[in-house]
2 protein chains.
Amino acid sequence: MLSSIEDSPLHLIANPKSMAFFGASNNIVSMGTNQLLSLLSLGYEGRVYPVHPKEEKVQGLKAYRSVLDLPEVPDVAMMVLPTQVVNPTLEECGRKGIKRAIIVSGGFKEVGGDGAALEQEMVRIAARYGLRILGPNGLGVANPYRKLNTTFIPHEGQPGFIGLASQSGSFVTQMFNYLANLGLGFSTALSVGNEANIDLVDALEYLGACPHTKVIAMYIEGLKRGRAFLEVARKVTRRKPVVVLYIGGSEAGRRAGLSHTGSLAGPDDLYGGVFRQSGVIRAESVTELFDFCWALGALPAPRGNRVIIQTHSGGPGAAAADACGRAGLQLPALADETRSRLAPYLPHTGSCQNPVDLTFTKNPGDFYSRIPKVLLADPGADMLLVYFFTPEPVLRRGLSQMGVPPEKLDEEATKVLDLSCRAVLKTIKEQDKPVIGYTWRSLEESFSRKLTEGGVPLYPEAERAARAMSALVRYHAYRVKMAESKIQV
Amino acid sequence: MLSSIEDSPLHLIANPKSMAFFGASNNIVSMGTNQLLSLLSLGYEGRVYPVHPKEEKVQGLKAYRSVLDLPEVPDVAMMVLPTQVVNPTLEECGRKGIKRAIIVSGGFKEVGGDGAALEQEMVRIAARYGLRILGPNGLGVANPYRKLNTTFIPHEGQPGFIGLASQSGSFVTQMFNYLANLGLGFSTALSVGNEANIDLVDALEYLGACPHTKVIAMYIEGLKRGRAFLEVARKVTRRKPVVVLYIGGSEAGRRAGLSHTGSLAGPDDLYGGVFRQSGVIRAESVTELFDFCWALGALPAPRGNRVIIQTHSGGPGAAAADACGRAGLQLPALADETRSRLAPYLPHTGSCQNPVDLTFTKNPGDFYSRIPKVLLADPGADMLLVYFFTPEPVLRRGLSQMGVPPEKLDEEATKVLDLSCRAVLKTIKEQDKPVIGYTWRSLEESFSRKLTEGGVPLYPEAERAARAMSALVRYHAYRVKMAESKIQV
């Protein structure tokens, strides 16, 4: 275990005050240029020293002929260079006294043969100078809290609570937009690439200690240090959840991973055992990886696996019940007191079974405030799953019929939706049980966005919501078991 | 088998020239009013006769005191009435000579007891007058080709190729927006409700004969006529694919279905057997139901299960390979000729394994036209799965660096994206293998929309794409087997 986060080789890489930048130029189609532009456009506040053999200025910054000419020893050397140039440059960085490098260049272990030999040489150079390397064949790091993004694509959205350690740089840089659309974001995301001398276990340890990280996501093609992973994961999962996607277990995934980062994958069962023994939650797809992180990072601990479903539509209710059942969740009957407290809000077509199906209401306040309040107070309910299907076209039609003129419709519809949303968020905050939503409306619509920005995990189908709740239950059950067993790890 | 589509009791219901409308008023919060407004706002071209005890006009239409006063015998009686009023009204409709009814009202079999008795009476009245009923406890029908939408929510998007038969009205009306966002739409969608005397089998038979329907989706809580379903499905699946979501197989789903439409579900295995024997493809969620319909309705028949994956990012490629493997698809090695034809387009960091990983390119034309053309010509490829991740922010940054002024960025970015999109659509159309996409960008972004509107099924993750391809393979394998076996059904 790290005694301080600053002991991690990744601390300086994720929080550099200065960087030497190799491979950026004024050529706009080069990868390095684009990575420098991502860094600058997010407003990185550290010092950046482009190193370029010819240019006087690179993207408006003074450029240097050699790293040896820099006015200080930068915290990190960032390299987006042709394969053959990497090792000689790394050697110079070592001589300059630089202790950390992010190497984006590919053509090493992942291509085998000469590439693998070049990577061995890289590791030897690094050892000689005490250099720690993120990469090669990775995209570096995004730490939006430091306005740091070394990846190809401009950062979008706000800093968030998901720490990511990934053997794919794409799952750092290509997720910015995806997460931002859900009101989520990375705390720090690390692309470990070929893991020359910083690996997934180091990344896990760092994110375990990172104060902005509430939940850790990992994309794994193969672990180099299985035993170390088990030990570190056991410690981390006592304090925060870890979710992994392991794709090396299938033959197709194993082969693709080998050609991608040169990872040697192991049997699916073996990895599954390691994950289970260390309290790590396993996801089956990238979508699920972030689905689980959403629930685990945003929600309080449930006391058990009993879910009440609240809906105004029978089919979505029944499909959610089915999904919850398949995900191993219980649907308890409502307590008698709950049923009598619900009665005033339910029309005769409604159902106070579980799912609670309102069928319809003339008063949105019932659905968004009074009913969830009653359901959350039920002693048999550990969690509440709500169908948040609020179609704006119907609302606008209603307002129009009430005499709201067309030019005022946007404003009035927004008001009504805001009211409903505030009501439900207030109800949720006044108690301590997890509330999760699902909907068929777009998550990019204004009502959905308000909910997610208010901290409610909202999934575009019941199945994903149910599986995320199940992950939440399993993680907290593990934590309780560990706390009770008082096993020292 | 229907000798003509007009023999189906649903033909008149889905294509009425005139309707009596019970339960709409000038009260804007009533369900019936909203359903009438949905009908009118889509521009229904038939004649609509509101029947109302007091009003002279309903939503601008002349209202009648009684159905007996109507100037003609309308094709359909649409009822959104209090439970107790339904049967007497139906009796009057019978006397008027009306032969079809859509009954939205609930409070019948699904609530048990008196409700069940009322439904039995309804069936007796219907039998007396030769009346066929869609419902009760359903939302009716959407046939956008006829500008017909009797449901609660205004129709969105274009008429499409998905026929839906559903025991939930929500999965008709609440899917308009969802499908429209994917560039999809219903041909005809039927909410069968409690199936008084028109059931899912009738709906399947009708959609099997419907010329606009290329693929049939079914949401099933329980089948009333298992044997009839098997017989009809066997005939229909010889001509078009049928995808079902059956939720009655889990205990939670069974109970929810019972309280929703009073359906009696059967064991999951039994239903699974019925589906398999009849060539019906089973989906595991509502999302998957429409995912499968998308691939099955939009794509040509693949010759086998061998997929080539084309990507520019290792992680998404490896995750897709893993997903394809898990979905039972094969990832063949590329033919030697394909590899040599690819060589000019691949940088040294790229991979011409399968996944084909470009890593990067300076020429988008390679990715969107030349490379897919080469891959589709590979004799070992039955399908192509392409990672369509085209981040606009990177494109805009590039254009800006090339000197495009800010006010021209939108226009220029659109031009570039249009070009790429047209190139890939042209490549796809010039051959006859299925091409499927996946992406982490929003499907609501302009590039995604252009692709989907061009007919390319595009999924927001590789797993869903892989499962949809697997469904496509399984359906066409079944059809080939049936054609070869020459079994008469």
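Residues numbered from 1 in each chain as written. Chains lettered and ligands numbered in written order. Predicted model: local features only at pLDDT ≥ 70, side-chain atom pairs only at ≥ 80, totals over all residues. Heavy atoms only, no water.

## Regarding the overall build of chain A
Part 1: Counting its regular elements, chain A contains 18 helices and 19 strands.
Part 2: Its C-alpha atoms give chain A principal-axis dimensions of about 80 × 60 × 40 Å.
Part 3: Carbon and sulfur atoms form 52% of the exposed surface of chain A, whose accessible area is close to 17,800 Å².
Part 4: Of the side-chain charges in chain A, 54 are positive and 48 negative, and the distance between the mean point of each set is 4 Å. (Helix = DSSP H or I, 4+ residues; strand = E, 2+ residues; numbered from the N terminus. Areas by Shrake-Rupley, 256 points an atom, 1.4 Å probe, with all protein chains shown as cover. Lys, Arg positive; Asp, Glu negative; His and termini not counted. Charge placed at Lys NZ, Arg CZ, Asp CG, Glu CD.)

## Things to note about the sheet that holds strand S16 (residues 356–357) of chain B
Residue and element names in this part refer to chain B.
Part 1: Here we have 5 strands laid out as an open sheet, ordered S16-S15-S17-S18-S19, and parallel in their pairing. One side of each edge strand has no neighbouring strand; the edge strands of this open sheet are S16 and strand S19 (458–459).
Part 2: Sheet analysis places strand S15 (residues 307–311) next to S16, joined by 2 bridges and oriented parallel. Bridge pairing links Thr-311 to Asp-357 in S16.
Part 3: Most of the contacts of helix H12 (residues 314–326) go to S15, to which it runs at about 160 degrees, and overall it touches S15, S16, strand S17 (383–387) and strand S18 (435–438). (Pairing = 2+ DSSP bridges. Contact = heavy atoms within 4.5 Å. Axes fitted to C-alpha atoms, helices over the stretch in contact; angles between N-to-C directions.)

## Details of the relation of the copies chain A and chain B
Part 1: Screw-axis analysis of chain A against chain B gives a translation of 0.0 Å along the axis, an RMSD of 0.0 Å, and a rotation angle of 180 degrees. Expressed as an axis order, the relation between the two copies is that of a two-fold axis. Considering only C-alpha atoms, the residue of chain A closest to the rotation axis is Glu444(A), which sits at 4.4 Å. (Least-squares fit on C-alpha atoms with pLDDT ≥ 70 in both.)

## Quick look at the interface of chain A and chain B
Part 1: Contacts between the two partners involve 75 residues from chain A and, on the opposite side, 75 residues from chain B.
Part 2: Regarding the contact of chain A and chain B, the summed buried area is about 5,500 Å², with carbon and sulfur atoms giving 58% of it.
Part 3: Inspection of the chain A/chain B interface yields 4 salt bridges.
Part 4: Taking the shortest distance from any N to any O, the salt bridge between Arg326(B) and Asp268(A) comes out at 3.7 Å.
Part 5: Applying the counting criterion to the chain A and chain B interface returns 22 residue pairs in polar contact (both at pLDDT 80 or more). (Buried area = accessible area lost by both parts, 1.4 Å probe. Salt bridge = Lys/Arg side-chain N within 4 Å of Asp/Glu carboxyl O. Polar contact = N/O pair within 3.5 Å; in protein donor to acceptor, adjacent residues only side chain to side chain.)

## Section: the side chain of Ser168(A)
Part 1: Along the chain, the position of Ser168(A) falls in the loop between strand S10 (162–166) and helix H5 (170–173).
Part 2: Of the residues examined, Ser168(A) reaches a relative accessible area of 0% and is grouped as buried.
Part 3: Within the local environment of Ser168(A), its side chain forms a polar contact with the backbone nitrogen of Ser170(A), the two atoms lying 3.1 Å apart.
Part 4: Ignoring sequence-local partners within four residues, the contact set of Ser168(A) consists of Ser191(A), Tyr219(A), His260(A), Gly315(B) and Pro316(B). (Buried < 20%, exposed > 50% of the residue type's maximum accessible area, 1.4 Å probe, protein only.)

## Quick notes on the pairing of strand S2 (residues 47–51) of chain A
Residue and element names in this part refer to chain A.
Part 1: Most of S2 is tucked away, with 4 of its 5 residues classed as buried.
Part 2: As paired elements, strand S1 (residues 18–22) and S2 share 5 bridges and run parallel to each other. Bridge assignment links Ala-20 to a residue of S2, and that residue is Tyr-49.

## Here's the deal with helix H17 (residues 446–453) of chain A
All names here are of chain A.
Part 1: Those residues of H17 that sit buried are Phe-447, Ser-448, Leu-451 and Thr-452. Down the axis of H17, the buried set is contained in an arc of 130 degrees. They therefore lie on one face.
Part 2: Summarising the contacts, the buried residues of H17 are in contact with helix H11 (286–298), helix H14 (364–376), helix H15 (392–401), helix H16 (409–429) and strand S19 (458–459).
Part 3: Looking one or two residues past H17, Gly-455 carries a phi angle of roughly 100 degrees, positive in sign. (Arc of directions from axis to C-beta.)

## Overview of unusual backbone geometry
Part 1: Looking along the chain, the bond that leaves Gly135(A) and enters Pro136(A) is cis, with omega of 0 degrees.
Part 2: Structurally, Pro136(A) is set in the loop between strand S7 (132–134) and strand S8 (140–143).

## Re the pattern of salt bridges
Residues and elements named next belong to chain A.
Part 1: On inspection of all chains with the given rule, the structure shows 46 salt bridges over all chains.
Part 2: Note that Asp-366 and Arg-370 form a salt bridge whose closest N and O atoms lie 2.7 Å from each other. Taken together, the residues span about one helical turn, with Asp-366 and Arg-370 both in helix H14 at a distance of 4 residues.
Part 3: Owing to a relative accessible area of 10%, Asp-366 belongs among the buried residues under this scheme.
Part 4: In this structure, the salt-bridge partner of Glu-445 is Arg-441, at a minimum N-O distance of 2.7 Å.

## Describing the pairing of strand S18 (residues 435–438) of chain A
Residue and element names in this part refer to chain A.
Part 1: Where burial is concerned, the two faces of S18 agree: the one with Val-435 and Gly-437 and the one with Ile-436 and Tyr-438 are both buried.
Part 2: Relative to S18, strand S17 (residues 383–387) runs parallel, the two sharing 4 bridges. Across the sheet, Tyr-387 pairs through a bridge with Tyr-438, a residue of S18.
Part 3: With 2 bridges joining them, S18 and S19 adopt parallel strand pairing. The residue of S19 that forms the bridge with Tyr-438 is Tyr-459.
Part 4: Tracing the backbone out of S18, into H17 and back to the parallel element S19 gives a crossover that is right-handed. (Right-handed = clockwise from strand over helix to strand, strands pointing away.)

## Considering the packing of aromatic side chains
Part 1: This structure, assessed with the given rule, holds 33 aromatic pairs over all chains.
Part 2: Both rings, one in Trp440(A) and one in Tyr178(B), keep their centres 5.3 Å apart while their planes meet at 80 degrees; by these two values the pair is edge-to-face. Here Tyr178(B) lies in helix H6 (residues 176–181) and Trp440(A) lies in the loop between S18 and H17, a pairing that spans two chains.
Part 3: For Trp440(A), a relative accessible area of 4% translates into the label buried.
Part 4: Each ring, one from Tyr387(B) and one from Tyr438(B), has its centre 4.9 Å from the other, and the planes form 40 degrees; the classification is tilted. Within this pair, whereas Tyr387(B) is found in strand S17, its partner Tyr438(B) is found in strand S18, the two being separated by 51 residues in sequence. Pair check on accessibility: Tyr387(B) and Tyr438(B) agree, each one buried. (Phe/Tyr/Trp six-rings, centres within 6.5 Å; stacked < 30°, edge-to-face > 60°.)

## Some words on the sheet that holds strand S16 (residues 356–357) of chain A
Residue and element names in this part refer to chain A.
Part 1: Pairing within the open sheet is parallel, and its 5 strands lie in the order S16-S15-S17-S18-S19. Strands at the two margins of the open sheet, each flanked by one partner only, are S16 and S19.
Part 2: Relative to strand S15 (residues 307–311), helix H12 (residues 314–326) is tilted by about 160 degrees, and along the sheet it contacts S15, S16, S17 and S18.

## Here we look at helix H4 (residues 113–129) of chain B
Residues and elements named next belong to chain B.
Part 1: Between the first and last C-alpha of H4 there are 25 Å, a value that for 17 residues agrees with the 24 Å anticipated at 1.5 Å per step.
Part 2: Along H4, the residues classified as buried are Gly-115, Leu-118, Glu-119, Met-122, Ile-125, Ala-126 and Tyr-129. Each buried residue of H4 lies within a common arc of 115 degrees when the element is viewed along its axis, so the set occupies one face. Residues of H4 that are exposed and angled more than 90 degrees away from the buried face: Gly-113, Arg-124, Ala-127 and Arg-128.
Part 3: Where H4 is buried, its residues touch helix H3 (83–96), strand S6 (100–103) and strand S7 (132–134).
Part 4: Note on H4: the residue one or two positions beyond its end, Gly-130, has a positive phi of about 65 degrees. (Expected span 1.5 Å × (residues − 1).)

## Quick look at the environment of Arg370(B)
Residue and element names in this part refer to chain B.
Part 1: On the basis of relative accessible area, Arg-370 is assigned to the partly exposed category, the value being 35%.
Part 2: Distance from Arg-370 to Arg-276, taken between C-alpha atoms, is 40 Å for residues 94 residues apart in sequence.
Part 3: Residues in contact with Arg-370, not counting those within four places in the same chain, are Tyr-345, Asn-363 and Gly-365.
Part 4: In terms of polar contacts, Arg-370 uses its side chain to reach the side chain of Asp-366, at 2.7 Å.

## What about the nonpolar core?
Among soluble globular proteins, nonpolar side chains are generally buried collectively.
Part 1: In this structure, Ile162(A), Phe290(A), Leu385(A), Ile162(B), Phe290(B) and Leu385(B) are the most contacted members of the largest nonpolar core, which totals 190 residues.
Part 2: Aside from chain neighbours lying at most four places away, what touches Ile162(A) is Leu179(A), Leu184(A), Gly185(A), Phe186(A), Ser187(A), Thr188(A), Val215(A), Ala217(A), Phe290(A) and Cys293(A).
Part 3: In this structure, Val76(A), Val80(A), Leu139(A) and Met218(A) belong to the second largest nonpolar core, which totals 50 residues. (Core = buried A, V, L, I, M, F, W, Y, C linked by side-chain atoms within 4.5 Å.)

## Quick word on the packing of helix H11 (residues 286–298) of chain B against helix H18 (residues 462–485) of chain B
Residues and elements named next belong to chain B.
Part 1: In contact at an axis separation of 9 Å, H11 and H18 are set at 60 degrees when each is read in the N-to-C sense. One finds that H11 runs oblique with respect to H18. Here H11 runs over H18; the crossing is right-handed. Contacts from Thr-287, Glu-288, Asp-291, Phe-292, Ala-295 and Leu-296 of H11 reach H18 at Arg-464, Arg-467, Ala-468, Ala-471, Leu-472, Arg-474 and Tyr-475. (Parallel < 35°, antiparallel > 145°, perpendicular 65-115°, else oblique. Left-handed = near helix turned anticlockwise from the far one by under 90°.)

## Section: the environment of Leu385(A)
All names here are of chain A.
Part 1: By secondary structure assignment, the location of Leu-385 is in strand S17.
Part 2: Sequence spacing of Leu-385 and Ile-309 is 76 residues, and the spatial spacing of their C-alpha atoms is 4.7 Å.
Part 3: Discounting chain neighbours no more than four positions away, the residues touching Leu-385 are Val-307, Ile-308, Ile-309, Gln-310, Ala-320, Cys-324, Ile-436, Gly-437, Tyr-438, Ala-465 and Met-469.

## A short note on the packing of H12(B) against H18(B)
Residues and elements named next belong to chain B.
Part 1: In the contact formed by H12 and H18, the axes pass within 8 Å of each other and the chain directions differ by 35 degrees. Handedness of the crossing formed by H12 with H18: right-handed. Here Ala-319, Ala-320, Ala-323 and Cys-324 of H12 come into contact with H18, specifically with Ala-462, Glu-463, Ala-466 and Met-469.
Part 2: Considering only residue class, the contact of H12 with H18 consists of 7 nonpolar, no polar and 1 charged. (Nonpolar A, V, L, I, M, F, W, Y, C, P; charged D, E, K, R; others polar.)

Structural measurements only, silent on function.
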